[in-house]
Amino acid sequence: MANLICNHCLLSFPERDAIREEMDGSRHVFCCHGCRGVYFLIRSEGLADFYSKRDWDGPGTPAEPLKELDLNTFNEDVRETEQGREIDIFIEGIRCASCVWLNEKFLLRAKGVLSARINFATHKAKIVWDPDLISLAEILKRIQAIGYKPRPYRESEQFKARRAESRDLLVRFGTAAFLSSQLMIYSTALYAGYFQGIDPGTKIILEIIAMVLTIPVILYSGMPFIQNTISGLRHLHFTMDALISIGAGSAFIYSVYQMFIGGTVYFDTSAMIITLILLGRYIESTAKGKASETIEKLAELAPREARIVKRSRDNTKDLSTEETALVLVASLRKGDLIKVLPGEKIPSDGMVAHGESEADESILTGESRPVRKTVGSEVIGGSVNLFGTFIFEVTRTGKETILAGIIRAVEDAQAGKPRLQILADRIVGYFVPAILITSVLTTTGYILRGASLNDALMTGVSVLVIACPCSLGLATPLAVLVFTTLASSRGILIKGGEVIENTSRLDHVVFDKTGTITEGKPSLKETILLDQSMDRQYLLRIAASLENLSEHSIGRSVVGAWNGDLLPVCDFRATPGRGIEGTADNKAIVIGNKAFMKDHALIAPDHTVPIGALTFPYEQAGDTVIYMGWDNILRAIFVVSDCLREESANTVKEILLQGKRVTVISGDNRITTAAIASAACIDDVVSEMSPEGKRDYIRGLQQSGSRILMVGDGMNDAPALTEAFVGVAMGKGTDIAMESADAVLVRSDLAAIPYFLDLSLRAYRVIRQNIFWAFFYNIVAIPLAISGVLHPIIAAGAMAASSLFVVLNSLRIKKGARV
Amino acid sequence: MWTLIFLIFLSLVLGIGAWLFFIWAVKSGQYDDPEGPKYRMLEDNEEEEKDNKKGHP
């Protein structure tokens, strides 16, 4: 069947679902009524240019039915200003300049909105409005109406600190760059003077100005390097910062001395070293900042409020009718009664005291099927309540909860993870002592040969001056910048430069099962007819009509498989953990598990094979089987399973082709895991693992010499993601997983992994070349310094040649990229 | 000689002016959204009226 592209969200969808509309002589197709509605709203506001302006390369989020927003989470961010009220919010779903344009225009159309400005890079909107004319709720509804999602905008302390650091670097770099450019004017004059002859008076004036310009570069812009050098030298660490301080400092001291004896000066070398290194650091911090910003945006807000049940004096009263109040999760105490509504996150660990429901604990335990909760069952904080309302008694709070335990495991792993020094730092660790020794040897050599102490010392210092490779500071950041740009265009966010080096040396890829190689949500796999006289479509239609009223994830999978219109249903009733019943098409229909069928005395039509034999293979493969019937006879069996991601098998094959081992690891049972693994072409299976078990498994493998890439999405993967050499989280995963990982797949597209591995390999090769060439020109010039014929022109030439090489070489990463 | 000193002085004054301008730009957040302006520049602000005149529903 041909696929069509939705005119609004660009999603490809099967033709039979199309909603067609004719307008102004042209035809439009939409994937759903939501998209159609948004399309007409945008057109009717005269903003249809959005469709011609946008330049998306992939499908966006289809319009979802409007969900009620929790205004309380926004209200605390509202500020009162002179013009009116002001708020910063984050708008989810913005993908291009046209989205920004559409949102701004659409908000400004509303009466009472005074200004709306969206930051293109961060998707943060600043909205000012007049509270007398429009309410915040209406503004947020407008954003929702055109298919975007407003979210409270919060910055973590860590994030604020990072931004302040980046701004500080920019000021330091800008200042250094300005002073260096001024300095170049005088240096050029001095070079010209060297070749053409210069009046000594003019020379000294130019040199003094050059010195005055260099001092702030070293003392202000270079201050972080000097501080790091001092703290590093206390532990006898020779870092890049030490090399820079030694290089720039010795060039400066040498120049001041030469200035007085009428020799040549190296002020420009001293300033340029610091400027170029600062440029590298700034590039690095923006690349890093962009990734962490996006991750921060992806992260879901943890439940911060809980509905506490106020106990009245009359203990006999039914709990469910008691009044509730919203309190902060942090203030909960043991024994508190908390009410949880359908779809909410369970705020803390506890035991169900009233009501029943099912909880989705997959992010915590890896179990893909919903877990039934009745009075007396334990609930885990952070899991999601599916469809019933229940009240539970808090048994653990704060640090004692299972969730806090997992977070602690992640923190432990983070602290214990040996952070590999990046290549440049490792080389510098050897290079600095080597250069210091060369310098000392040169000085002693000159003294032994009878040179004056002065000459000997200055020659020794000149070795230090020429040895400092300016472009070393650019070698890694530039390659990292090109790498992160390429990676992010494929939907991979990289948290830091060291990821490249680590990824390029991997030999083993471990996948989590639920939500990583599978979709993480159940879908209808098969419908088995027990009553052959029935039409398959008709049965599916009835089932979907009933399940449509249920919020159950398994029910949703049946609804998802049916694309036609639904039948009216009356007398609907759901029994949590068992099934649903209702009347449709004049039949009293029952859908549910085996026990539910027994309760309703439904039996199999006698001419078929035993039901058990039919369902056994599916149950063994880890699928969930539900039954449907009416009038005491079973009519159909639905097989629901968590299906494999489309790209999983191909991804695994590609990784195997790259010569790496592939393993699947899961908290789920052995049979299910093995079934999924074989479908994804993975032979190596590890199942029934707790979060700590996964971490220990990874640790064990790494201790025996493997270098592991772990891909996961859930909270239960977080410790393993941190422990692994490189952790990759799915963008649709939990925030803790994304925080623990080194990289995030924004679109949850596994096919990006082989690309990521390949790209890292190439980028790392370029980094190594860059570092080699950054050192090369300077090392070649060292013999000149030792022989005492060093000249500023040589230093400047080495600097320019190596910098140019590093820049051009870094751009080469782009060339081999296959997207 | 005096022309030289005067010119040096002038270039330093101009340079410091540019530097102060840069500091102001960073402080006032000009570098916070380097991507947006290039797209904003291409937006037509008059088209609202144009579209309304056309009488879209």
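As the structure is a computational prediction, the values presented were derived from the model and not from experiment.

With that settled, consider the overall build of chain A. On a plain count of helices and strands, chain A comes out with 28 helices and 31 strands. Across the 819 residues in chain A, those meeting the buried criterion constitute 52%. Partitioning the contacts of chain A with sequence separation of at least 6, the portion at a separation of at least 24 is 68%. When the accessible area of chain A is evaluated, it comes to approximately 36100 Å², of which 56% is carbon and sulfur surface.

To find the voids left in a structure, one rolls a probe of water-molecule size over its atoms. Residues and elements named next belong to chain A. Applying the stated criterion across every chain yields a total of four cavities of 30 Å³ or more. Approximately 60 Å³ is the volume attributed to the largest cavity. What lines the largest cavity is simply Ile422, Leu423, Ala424, Thr476, Gly497, Glu498, Glu501, Tyr764, Ile767 and Ile771. Mapped onto the lining of the largest cavity, the elements with two or more residues apiece are helix H13 (423-448), helix H16 (498-504) and helix H27 (752-787).

Turning to its location among the elements, Thr527(A) is positioned in strand S21 (residues 518-529). Not counting residues within four places of it along the chain, the set of residues in contact with Thr527(A) comprises Arg536(A), Ile637(A) and Phe638(A).

Tracing the backbone through its elements, the reader meets Asn502(A) in helix H16. Spatially, the C-alpha atom of Asn502(A) lies 6.6 Å from that of Phe725(A), the residues being 223 residues apart in sequence.

Residues and elements named next belong to chain A. Here Ser523 shows up in strand S21. A sequence separation of 119 residues divides Ser523 from Asp642, and the C-alpha atoms of the two residues are 6.0 Å apart. In this view, Ser523 contacts Ser557, Val639, Val640, Ser641 and Cys643; residues no more than four positions away in its chain are not counted.

Further remarks concern helix H9 (residues 240-261) of chain A. Residues and elements named next belong to chain A. Between its first and last C-alpha, H9 extends 32 Å over 22 residues, near the 32 Å set by a 1.5 Å rise per residue. Across the 22 residues of H9, 16 count as buried, placing the element largely inside the fold. Once H9 finishes, Gly262 follows within two positions and takes phi at roughly 85°, a positive value.

Residues and elements named next belong to chain A. Running from N to C, H13 and H27 cross one another at 5°; their axes reach a closest spacing of 12 Å. In terms of their interaxial angle, H13 and H27 are classed as roughly parallel. Of the residues in H27, those in contact with Leu423, Ala424, Arg426, Ile427, Val428, Phe431, Ile435, Thr438, Thr442 and Tyr446 of H13 are Tyr764, Arg768, Ile771, Phe775, Ile779, Ile782, Ile786 and Ser787. Class assignment of the residues belonging to the contact of H13 with H27 gives a composition of 13 nonpolar, three polar and two charged.

Turning our eyes to something else, we now look at the packing of aromatic side chains. All names here are of chain A. Summed over all chains, the structure comprises 14 aromatic pairs over all chains. Joined through ring pairs, the aromatic side chains of Phe772, Trp773, Phe776, Tyr777 and Phe805 make up one cluster. In this arrangement the basic side chain of Arg142 is found over the ring face of Phe106, its NZ or CZ atom lying 4.2 Å from the centre. It is Arg172 that lies over the ring of Tyr220; its NZ or CZ is 4.8 Å from the centre.

All names here are of chain B. The grouping of Phe6, Leu7, Phe9, Leu10, Val13 and Leu14 at the surface amounts to a nonpolar patch, some 620 Å² of accessible area in total. By secondary structure assignment, the location of Leu7 is in helix H1 (residues 2-27). We classify Leu7 as exposed; its relative accessible area is 53%.

As a further point, take the sheet that holds strand S14 (residues 357-360) of chain A. All names here are of chain A. Strand order in the open sheet made by the three strands is S15-S14-S17, with antiparallel pairing throughout. Each edge of the open sheet is held by one strand with a lone partner, namely strand S15 (371-373) and strand S17 (384-385). Pairing between S14 and S17: two bridges, direction antiparallel. Looking at S17, one finds that Ala359 is bridged to Asn385.

Another point: the sheet that holds strand S20 (residues 508-512) of chain A. Whether parallel or antiparallel, the strands of a sheet pair through hydrogen bonds between backbone atoms. All names here are of chain A. One open sheet accounts for seven strands, arranged S19-S31-S30-S29-S20-S27-S28; its pairing is mixed. Every other strand in the sheet has two partners, leaving strand S19 (492-494) and strand S28 (684-686) as the edge strands with one partner each. Across the sheet, the axes of successive neighbouring strands diverge by a mean angle of 20°, strand direction being ignored. With five bridges connecting them, S20 and strand S27 (residues 661-665) associate as parallel partners. Directly across from Asp512, in S27, lies its bridge partner Ile665. Against the sheet, helix H23 (residues 670-679) makes contact with S27 and S28, and its axis sits at roughly 155° relative to S28, the strand it touches most.

Analysis parameters
All residue numbers refer to positions counted from 1 along the written sequence of the respective chain. By the order in which they are written, chains take letters starting at A while ligands take numbers starting at 1. Given that this is a predicted model, residues contribute local features only at a pLDDT of at least 70 and side-chain atom pairs are listed and counted only at 80 or more, while totals for whole chains, interfaces and linings are drawn from all residues. Here the side-chain values reflect all heavy atoms present in the structure, with hydrogen atoms and water set aside. The helix count covers DSSP runs of H or I at least four residues long, the strand count covers runs of E at least two residues long, and both are numbered beginning at the N terminus. Remark: exposure states derive from per-residue accessible area (1.4 Å probe, protein chains only) relative to the maximum for the residue type, with buried under 20%, exposed over 50%, and partly exposed in between. Any two residues having at least one pair of non-hydrogen atoms within 4.5 Å are treated as being in contact. Exposure was quantified through the Shrake-Rupley algorithm and a 1.4 Å probe, taking into account, for residues, occlusion by the shown protein chains and nothing else. The pocket and cavity definitions rest on a 1 Å grid over protein atoms only: a 1.4 Å probe that fits but cannot leave marks a cavity, an open set with protein on both sides within 12 Å along at least five of seven lines marks a pocket, and residues lining either have an atom within 4 Å of a point. Grid points are joined across faces, edges and corners, and a volume is the space filled by probe spheres set on the points. Expected helix span is given by 1.5 Å per residue-to-residue step, counting one fewer step than there are residues. Note on method: axes are straight lines fitted to C-alpha atoms, helices fitted across the in-contact stretch only, with angles between N-to-C directions ranging 0 to 180 degrees. When an angle is under 35 degrees it counts as roughly parallel; over 145 it counts as roughly antiparallel; between 65 and 115 it counts as roughly perpendicular; any other value is oblique. In this count, Pro and Cys sit with the nonpolar residues alongside Ala, Val, Leu, Ile, Met, Phe, Trp and Tyr, while Asp, Glu, Lys and Arg are called charged and the others, Gly among them, polar. Aromatic rings from Phe, Tyr and Trp, taking only the six-membered ring of Trp, are treated as a pair when their centres fall within 6.5 Å; an angle between ring planes under 30 degrees marks them as stacked, one over 60 as edge-to-face, and anything in between as tilted. A ring is considered to have a charge above it if a Lys NZ or an Arg CZ atom is located within 6 Å of its centre and within 35 degrees of its normal. Residues with no salt bridge and a relative accessible area higher than 30% make up the patches, which join like charges within 9 Å and nonpolar side chains (Val, Leu, Ile, Met, Phe, Trp, Tyr) within 5 Å. Whenever a carboxyl oxygen of Asp or Glu lies within 4 Å of a side-chain nitrogen of Lys or Arg, that contact is scored as a salt bridge. What makes two strands pair is DSSP finding at least two bridges between them.

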